[in-house]
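Working through the structure, step by step
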Amino acid sequence: MDLFELTIHELHEKLKKREVSSVEATKATLARIEAVEPKVNAFITVTTDEALKAAEEADKRIASGNIDILTGIPVALKDIFLTKGIRTTCASKILDNFVPPYDATSWLKLKERGAVLLGKLNQDEFAMGSSCESSAFGPTKNPWNPDCIPGGSSGGSAAAIAAQEAVATLGTDTGGSIRQPASHCGCVGLKPTYGRVSRYGVIAYASSLDQVGPMTRDVTDCAIMLGAVAGYDPLDSTSVNMPVPDYTKALIPDVKGLKIGLPKEYYIEGLDPDVKKALDLAIETYRGLGAEFVDISLPHTDYAVATYYLIATAEASSNLARYDGVRFGHRTSEPGNLIETYSRSRDEGFGAEVKRRIMLGTYALSSGYYDAYYIKAQKVRTLIMNDFLKAFETVDAILTPVAPTPAFRIGEKSSDPLQMYLSDIFTIPVNMAGTCGISVPAGMSASGLPIGLQLIGKPFGEETIIRAAYAFEQATEWHKRKAAL
Ligand code: GLN
């Protein structure tokens, strides 16, 4: 096996035994990036020099006997994470030349343990999208089929794993942006419970929904990465002050007696037959492992997408007000008066999808419409949350598809925003409820595209879904498949 194909735990073993150095692993991965990037476009910025320097530091640390599971591991970050001294664009022209003066807490935690940063990954602009097509830096291609999207918004984070351009990555998930690309690219992606991971230094899209999470080759790596980034952060008042469990202790291939809910609203007509087949087979696998299935209902599911597009856009319109051509990023070359400077800079700097959402959100928050739309959406959000809490009175986890179809073709939905929005129907409710969900490889479509399954857990129930995902992974071979690039 090539060095760039290894998981965190496999590479760690080799580093520990001094069979390879971090510099060797980093160089191999950088060479891989150079070889496949023309086909994939997963990176916005590759930090070759910084990576080699960090790898040398990691090797020194290893030589002194101070090795941690993440020391010397080459990772990459969605370009939404602030990285001190390294350009951070959020895939927008408006932040084209933005170099942050500090690190996001989640990245700092990895860095302090000796992880090596390979670069910053492509995404939808400001994380608004499901396909990576709204990036100002061109679309990322799905490594399994370059005519298809990798999913979004963390499409670069998923494609980099599938194309073996990084051992592990971080993404963010506001309405599905970790789980859906993980599903489309055949990797593991976990959206933690709201408050589990600090959002400090993560460019805000919809602050009440955004959450940071790992994207990895297998469930073991997912547990390692989650444990590394989770925890209270005094710099994020919404992070929760609860002890972080050792998630690797949940890596037990045992689901005997586990009660798994199947929500009838998720097994709908219109579900792609390949997705349905993968789910049916997964249910059989779980039954064989001794899990019990319970039919449940999440009755407000139908309202989730509409509610999300009110709340997320309202928060986005407020969060994105700070990009005005004065404080950050792009400023128009024809400023005029102050208002003209703002509006021209924003007009030139933001892409079409971002503008659409700012307008939708501003409208929903404007006087007269605030009560009719925004307040109403908040009330429906509570109903969606209650659906989950009620379901979790009888089940330990919920099993659903991640997306209604495998990865679609580039261009297929980009001219029809509503179709694009509907592709998040199974992931959005989890963010609305503030709970956790994981996507694990569970099949392949007839045309050779990966299909993931979603396990939804109780708030702060990450250990249960990690255990269930691990049991499934150990019983199947899907995670071992590799995209032939
Ligand atoms: N696709 C959804 C959106 O466009 C979710 C994006 C996300 O999770 N960041 O908003």
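Numbering of residues begins from 1 in every chain and follows the order in which that chain's sequence is written. Where local features are concerned, this predicted model is filtered to residues with pLDDT of at least 70; where side-chain atom pairs are given and counted, the filter is 80 or more; whole-chain, interface and lining totals use all residues. Water and hydrogen atoms were dropped before computing side-chain values, which therefore reflect all heavy atoms in the structure.

Okay, the overall build of the chain next. For the purposes of this entry, the term helix denotes a DSSP run of H or I that reaches at least four residues, the term strand denotes a run of E that reaches at least two, and both are numbered from the N terminus. Summing up its helical and strand segments, the chain has 15 helices and 11 strands in all. The C-alpha atoms of the chain give 21 Å as radius of gyration, which agrees with the globular expectation for 485 residues (23 Å, within 12%). Projected onto its principal axes, the C-alpha coordinates of the chain cover approximately 65 × 55 × 45 Å. For the chain, the share of sequence-separated contacts (at least 6 apart) that also reach a separation of at least 24 residues comes to 76%. Using a 1.4 Å probe, the Shrake-Rupley method yields the accessible areas, and only the shown protein chains count as cover for residues. Total accessible area on the chain is roughly 18000 Å²; 53% of this is exposed by carbon and sulfur atoms. Radius of gyration here is computed from C-alpha atoms only, and the compact-globule reference equals 2.2 Å multiplied by the residue count raised to the power 0.38. Working rule for contacts: check all heavy atoms of both residues, and any pair within 4.5 Å makes them a contact.

This part covers the packing of helix H4 (residues 105-112) against helix H7 (residues 219-229). Axis lines are fitted through C-alpha atoms, for helices just across the contact stretch, and the angle between N-to-C directions can take any value from 0 to 180 degrees. Taken N-terminus to C-terminus, the directions of H4 and H7 make an angle of 110°; their axes are 8 Å apart at the nearest point. Comparing the axis directions of H4 and H7 gives the class roughly perpendicular. For the pair H4 and H7, the contacting residues are Ser106, Lys109 and Leu110 in the first and Met225, Ala228 and Val229 in the second. Residue classes in the contact of H4 with H7 are distributed as 4 nonpolar, 1 polar and 1 charged. Roughly parallel here means an angle under 35 degrees, roughly antiparallel means over 145, roughly perpendicular means 65 to 115, and every remaining angle is called oblique. Gly falls in the polar group here, along with every residue not listed as nonpolar (Ala, Val, Leu, Ile, Met, Phe, Trp, Tyr, Cys, Pro) or charged (Asp, Glu, Lys, Arg).

A few words on the environment of Val75. As for its placement among the helices and strands, Val75 is situated in strand E2 (residues 74-78). Note: C-alpha distance between Val75 and Pro299 (224 residues apart in sequence) is 40 Å. Excluding its chain neighbours within four sequence positions, the residues that come into contact with Val75 are Trp107, Ala115, Val116, Leu117, Leu118, Gly119, Ala166 and Ala168.

This part takes up helix H5 (residues 155-162). Of all 8 residues in H5, 8 are buried; the element is thus mostly enclosed. The set of residues buried in H5 consists of Gly155, Gly156, Ser157, Ala158, Ala159, Ala160, Ile161 and Ala162. Three exposure classes are used, based on accessible area relative to the maximum for each residue type with a 1.4 Å probe and protein chains only: buried under 20%, partly exposed in between, and exposed over 50%.

So, about the sheet that holds strand E3 (residues 116-121). By this definition, two strands are paired if DSSP reports at least two bridges between them. With respect to topology, 11 strands assemble into an open sheet ordered E1-E3-E2-E4-E6-E5-E10-E11-E9-E7-E8, the strand pairing being mixed. A strand with exactly one partner marks an edge of an open sheet, and here the two such strands are strand E1 (43-46) and strand E8 (292-296). Adjacent strand axes in the sheet meet at a mean angle of 30°, parallel and antiparallel pairs treated alike. In terms of strand pairing, strand E7 (residues 259-263) meets E8 through 5 bridges, oriented parallel. Its bridge partner lying in E8, Pro263 is registered against Ile296. Of the strands in this sheet, E1, E2, E3, strand E4 (168-173) and strand E6 (211-216) touch H5, which is tilted by about 155° from E4. Against the sheet, helix H15 (residues 462-475) touches strand E5 (188-191), strand E9 (397-401), strand E10 (436-444) and strand E11 (450-457), its axis set at about 10° to E10.

For the rest of this paragraph, the subject is the pattern of salt bridges. By definition, a salt bridge exists where a carboxyl oxygen of Asp or Glu is found within 4 Å of a side-chain nitrogen of Lys or Arg. The final tally for this structure, using the stated rule, is 19 salt bridges. The partner of Asp347 in a salt bridge is Lys355, with the nearest N and O atoms 2.8 Å apart. By relative accessible area, which is 25% here, Lys355 ends up partly exposed.

On to the side chain of Glu473, then. Summarising the element assignment, Glu473 is placed in helix H15. Here Glu473 occupies a buried position and makes no salt bridge, while the nearest side chain of opposite charge, Lys480, is found at 8.7 Å. Those residues within four positions of Glu473 in sequence are excluded, and the remaining contacts are Val188, Asp218, Val219 and His479. Positive charge is attributed to Lys and Arg, negative charge to Asp and Glu, and no charge count is given to His or to the chain ends.

With that settled, consider the site of the ligand. In the neighbourhood of the ligand, 15 residues make up the surrounding shell, with Gly175, Ser177, Tyr308, Arg357 and Asp424 lying closest. The definition of a polar contact used here is a pair of N or O atoms within 3.5 Å, where within protein one atom must be able to donate a hydrogen and the other to accept one, and adjacent residues in sequence count solely through side-chain atom pairs. At 2.7 Å from an oxygen atom of the ligand is found a main-chain nitrogen or oxygen belonging to Thr174. Interatomic distance of 3.3 Å between a backbone N/O atom of Gly176 and an oxygen atom of the ligand. A breakdown of the residues in the shell around the ligand according to their chemical character gives 5 nonpolar, 7 polar and 3 charged. Being near a molecule or strand, for a residue, means having at least one of its heavy atoms within 4 Å of it.

Okay, the side chain of Thr220 next. For Thr220, the location among the structural elements is in helix H7. Setting aside residues no more than four positions away along its own chain, Thr220 makes contact with His9, Leu251 and Tyr470.

Turning our attention to unusual backbone geometry. A cis amide bond links Gly152 with the next residue in sequence, Ser153, at an omega value of 5°. If you trace the backbone, Ser153 turns up in the loop between E3 and H5. Phi is positive for Ala91, which is not a glycine, with a value near 60°. Within the secondary structure, Ala91 sits in the loop between E2 and H4. Overall, the relative accessible area of 0% leaves Ala91 in the buried class. Phi is positive for Gln164, which is not a glycine, with a value near 60°. Mapped onto the elements, Gln164 comes out in the loop between H5 and E4.

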